Amino acid sequence: MSNSDYLCPVCGEGNLHAHVGKNPVEYKGRATELELHFSLCDACGSEQADAGQTRTNKRLMNAFKKRADGLLTGVEVRGLRERLGLSQAEAAQIFGGGPVAFSKYETDDVVQSEAMDKLLRLAVGLPAALELLRHRAGVDRVIAGEEWHAAGNWHPAALGARSVSGPVRLISSSTPCGEQEARYAA
Ligand SMILES: [Zn+2]
């Protein structure tokens, strides 16, 4: 992307040329030097950033903040989502945050909340948690030869002390629900 053909709005005579400078920043006691994207006028020497450059600078700063706060960076969120085999839309349906949340997390337009960060790590570390969230969101995965079945009158008490809140469903490979329940209740 080059701005070299843009007329400088400050002096109205020179042309703007894209530059990448250095941007020393500090956040929570951590200092670093980020890239600073801006344009320089070849006549009046004024420096200015257009919307695209401002967005790029903001993304770089957000990525630095995420690292400083111990949160997943945009690249890491993307890698994690892809590891889970989810589209951005599916991830938002399952984990929340709104329809374009993951696009914003992954480009570092937005810093995800600490709660969202923990939820994503939990989903990766505990497949059963992901399956439960996925099912509640109605984003079912079809595993070869397996289907979801409604648990019907199945009750957690049948499994002993384990308590589960909300609707619970069982995965069965091919056995009808009735047999499945009988096996759990035995
Ligand atoms: Zn100028």
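An account of the accompanying structure is given in this report.

Cut-offs applied
- Residues numbered from 1 in each chain as written.
- Predicted model: local features only at pLDDT ≥ 70, side-chain atom pairs only at ≥ 80, totals over all residues.
- Heavy atoms only, no water.
- Helix = DSSP H or I, 4+ residues; strand = E, 2+ residues; numbered from the N terminus.
- Buried < 20%, exposed > 50% of the residue type's maximum accessible area, 1.4 Å probe, protein only.
- Contact = heavy atoms within 4.5 Å.
- Pairing = 2+ DSSP bridges.
- Axes fitted to C-alpha atoms, helices over the stretch in contact; angles between N-to-C directions.
- Polar contact = N/O pair within 3.5 Å; in protein donor to acceptor, adjacent residues only side chain to side chain.
- Donors = N, O, S within 2.8 Å, 3.2 Å for Na, K, Ca; no water.
- Tetrahedral: all angles 85-135°; square planar, octahedral: opposite > 155°, others 65-115°.
- Salt bridge = Lys/Arg side-chain N within 4 Å of Asp/Glu carboxyl O.

1. Things to note about the environment of Gly 14
Stage number 1. As for its position among the elements, Gly 14 is in the loop between β1 (6-7) and β2 (15-27).
Stage number 2. In this structure Gly 14 comes out as buried when scored by relative accessible area, which is 3%.
Stage number 3. Each C-alpha atom, one on Gly 14 and one on Cys 41, is 5.7 Å from the other, the two residues being 27 residues apart in sequence.
Stage number 4. When residues no more than four places from it in sequence are discounted, the contact partners of Gly 14 are Tyr 6, Leu 7, Cys 8, Cys 41, Asp 42 and Ala 43.

2. Some words on the sheet that holds strand β4 (residues 47-48)
Paired through backbone hydrogen bonds, the strands of a sheet run either parallel or antiparallel to each other.
Stage number 1. Strand order across the open sheet formed by four strands is β1-β2-β3-β4, with antiparallel pairing between neighbours. Either end of the sheet is taken by a strand with one partner, and the two such strands are β1 and β4.
Stage number 2. Lying on the sheet, helix α1 (residues 51-68) is in contact with β2, β3 (30-41) and β4; it crosses β3 at an angle near 175°.

3. Focus on the side chain of Gln 112
Stage number 1. Mapping Gln 112 onto the fold places it in the loop between α4 (101-106) and α5 (114-125).
Stage number 2. At 3.4 Å, the side chain of Gln 112 and the side chain of Lys 66 are in polar contact.
Stage number 3. Separated by 2.8 Å, the side chain of Gln 112 and the backbone oxygen of Leu 72 make a polar contact.
Stage number 4. Apart from the residues within four sequence positions on either side, Gln 112 is in contact with Lys 66, Leu 71, Leu 72, Val 77, Tyr 105 and Asp 117.

4. A look at the pairing of β2
Stage number 1. Note that β1 and β2 share two bridges and pair antiparallel. If you follow Leu 7 over to β2, its bridge partner there is Asn 15.
Stage number 2. Here β2 pairs with β3 via 12 bridges, running antiparallel. Counterpart to Lys 22 in the pairing with β3 is Glu 35.
Stage number 3. Between β2 and the antiparallel strand that follows it, β3, lie two residues; Lys 28 among them carries a positive phi value of about 50°.

5. What to know about the coordination of the zinc ion
Stage number 1. Protein-derived coordination of the zinc ion comes from Cys 8 (SG), Cys 11 (SG), Cys 41 (SG) and Cys 44 (SG), at a distance range of 2.2 to 2.4 Å.
Stage number 2. Its four donor atoms give the zinc ion angles of 107 to 113° at the centre, a pattern that matches the tetrahedral case.
Stage number 3. All donors of the zinc ion come from a single chain, and their spacing in sequence reads C-x2-C-x29-C-x2-C.
Stage number 4. A relative accessible area of 4% places Cys 41 in the buried class.

6. Here's the deal with the pattern of salt bridges
Stage number 1. Tallied over the entire structure, the rule returns nine salt bridges.
Stage number 2. With a shortest N-O distance of 3.5 Å, Arg 134 and Glu 131 are connected by a salt bridge. Residue Arg 134 and its partner Glu 131 are both found in helix α6 (residues 127-136); the two are separated by three residues, about one turn of the helix.
Stage number 3. The class for Arg 134 is buried, based on a relative accessible area of 4%.
Stage number 4. Among the residues examined, Glu 131 registers a relative accessible area of 13% and is labelled buried.
Stage number 5. Connected via shared salt-bridge partners are Arg 78, Arg 81, Glu 82 and Glu 106.

Such coordinate-based values are descriptive only and should not be taken to indicate function.
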